[in-house]
Amino acid sequence: MITFEGSEGSGKSTHAARLEARLREAGVPVLLVREPGSTELGQYLREWLKREKTTVPLAELFLFEAARAQLVQDVIRPALKSGKVVVADRFTDSTLAYQGFGRGLDIGLIRRLNDAATAGLVPDVTILLDVPVVAGLERAANRSDDAGSRKFEDLPVEFHEKVAAGFRALAAKERKRWLVVDSTRDQDAV
């Protein structure tokens, strides 16, 4: 399993889709998923979070974990069992960065909930698309799709700085799993 992580506007959706296309062209069986999304529950949550403005951080955490549990059980594990490479646009590390580092929730609790929701599934490789926060927020403001599961880009820059620092801290702790890529370059260079 290969996951793409990063702050708002870093290019996760774009590069996850590009990797999926390249693997498919090479004849590799592959499945692209996104969080939240890729299940009926995940898509419902994605739409609900975009409308709801008053979700407390702990409730937000539980909602993401519920959608993740459904995704892992119904989509990811069966795909892996059938021999497919799963490419994920966000996964457990986003929860650590956004709800842990950004929202200030207990990292230990988030790790336990991630483990429960995934039944211990950990990505083989995680690609951190690293972009300066302000540049990423500008990119996010200019996109026309629904890539954000909630209007996170509307939160203060300080929140996004904490999230970006969180991703970098996670990558520094698990250097064998993480690949940090400068996402300020053009798409082909990335």
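Up top you'll find the structure we're talking about.
What follows deals with helix 7 (residues 157-173). The end-to-end C-alpha separation of helix 7 is 24 Å, in line with the 24 Å expected for 17 residues at 1.5 Å each. The set of residues buried in helix 7 consists of Phe 159, His 160, Val 163, Ala 164, Gly 166, Phe 167, Leu 170 and Ala 171. Burial along helix 7 is one-sided: seen end-on, the buried residues are contained in an arc of 155°. Along helix 7, exposed side chains directed more than 90 degrees from the buried face belong to Glu 158 and Lys 173. Check the buried side of helix 7 and you find it contacts strand 1 (2-5), helix 4 (92-102), helix 5 (107-118), strand 4 (125-130), helix 6 (133-142) and strand 5 (178-182).

What follows concerns the nonpolar core. Membership of the largest hydrophobic core comes to 18 residues, with the highest contact counts inside it found for Tyr 98, Val 163, Phe 167 and Trp 178. The greatest single-element share of this core, amounting to five residues, is contributed by helix 7. Residues in contact with Tyr 98, not counting those within four places in the same chain, are Gly 6, Ser 7, Glu 8, Arg 90, Arg 103, Phe 152, Phe 159, Val 163 and Phe 167.

Here we come to the packing of aromatic side chains. Scanning all chains against the criterion turns up two aromatic pairs. With centroids separated by 6.1 Å and ring planes inclined at 55°, the aromatic side chains of Tyr 98 and Phe 159 adopt a geometry described as tilted. With a gap of 61 residues between them, Tyr 98 in helix 4 and Phe 159 in helix 7 connect regions that are remote in the sequence. Among the residues examined, Phe 159 registers a relative accessible area of 8% and is labelled buried. Seen in terms of ring centroids, Tyr 98 and Phe 167 are 6.2 Å apart; in terms of plane orientation they differ by 75°. Their pairing is edge-to-face.

This part covers empty space enclosed by the protein. If you roll a probe as big as a water molecule over the atoms, it shows you where there is empty space left. Within this structure, the stated rule accounts for two cavities of 30 Å³ or more. Here the second largest cavity defines a volume of roughly 50 Å³. Glu 35, Pro 36, Gly 37, Phe 64, Ala 67, Arg 68 and Leu 71 together form the lining of the second largest cavity. Across the lining of the second largest cavity, the residue classes break down as four nonpolar, one polar and two charged.

Attention shifts here to unusual backbone geometry. Peptide bonds are trans in most cases, and residues, glycine excluded, mostly fall at negative phi. Cis geometry is found at the peptide bond from Glu 35 to Pro 36, where omega equals -20°. Structurally, the position occupied by Pro 36 is in the loop between strand 2 (30-34) and helix 2 (40-51). Phi is positive for Arg 90, which is not a glycine, with a value near 85°. When you line up the elements, Arg 90 lands in the loop between strand 3 (85-89) and helix 4. Take Arg 90: its relative accessible area is 13%, and that puts it in the buried class.

So, on to a nonpolar patch on the surface. Together, Val 56, Leu 58 and Phe 62 make up an exposed nonpolar region whose accessible area comes to about 270 Å². Topologically, Phe 62 is positioned in helix 3 (residues 57-81).

What counts, and at which threshold
Residues numbered from 1 in each chain as written. Predicted model: local features only at pLDDT ≥ 70, side-chain atom pairs only at ≥ 80, totals over all residues. Heavy atoms only, no water. Helix = DSSP H or I, 4+ residues; strand = E, 2+ residues; numbered from the N terminus. Expected span 1.5 Å × (residues − 1). Buried < 20%, exposed > 50% of the residue type's maximum accessible area, 1.4 Å probe, protein only. Arc of directions from axis to C-beta. Contact = heavy atoms within 4.5 Å. Core = buried A, V, L, I, M, F, W, Y, C linked by side-chain atoms within 4.5 Å. Phe/Tyr/Trp six-rings, centres within 6.5 Å; stacked < 30°, edge-to-face > 60°. 1 Å grid on protein atoms, 1.4 Å probe; cavity = no way out; pocket = protein on both sides within 12 Å on 5 of 7 lines; lining within 4 Å. Points joined across faces, edges and corners; volume = space filled by probe spheres on them. Nonpolar A, V, L, I, M, F, W, Y, C, P; charged D, E, K, R; others polar. Patch = residues over 30% accessible without salt bridge, like charges linked within 9 Å, V, L, I, M, F, W, Y side chains within 5 Å. Areas by Shrake-Rupley, 256 points an atom, 1.4 Å probe, with all protein chains shown as cover. Salt bridge = Lys/Arg side-chain N within 4 Å of Asp/Glu carboxyl O.

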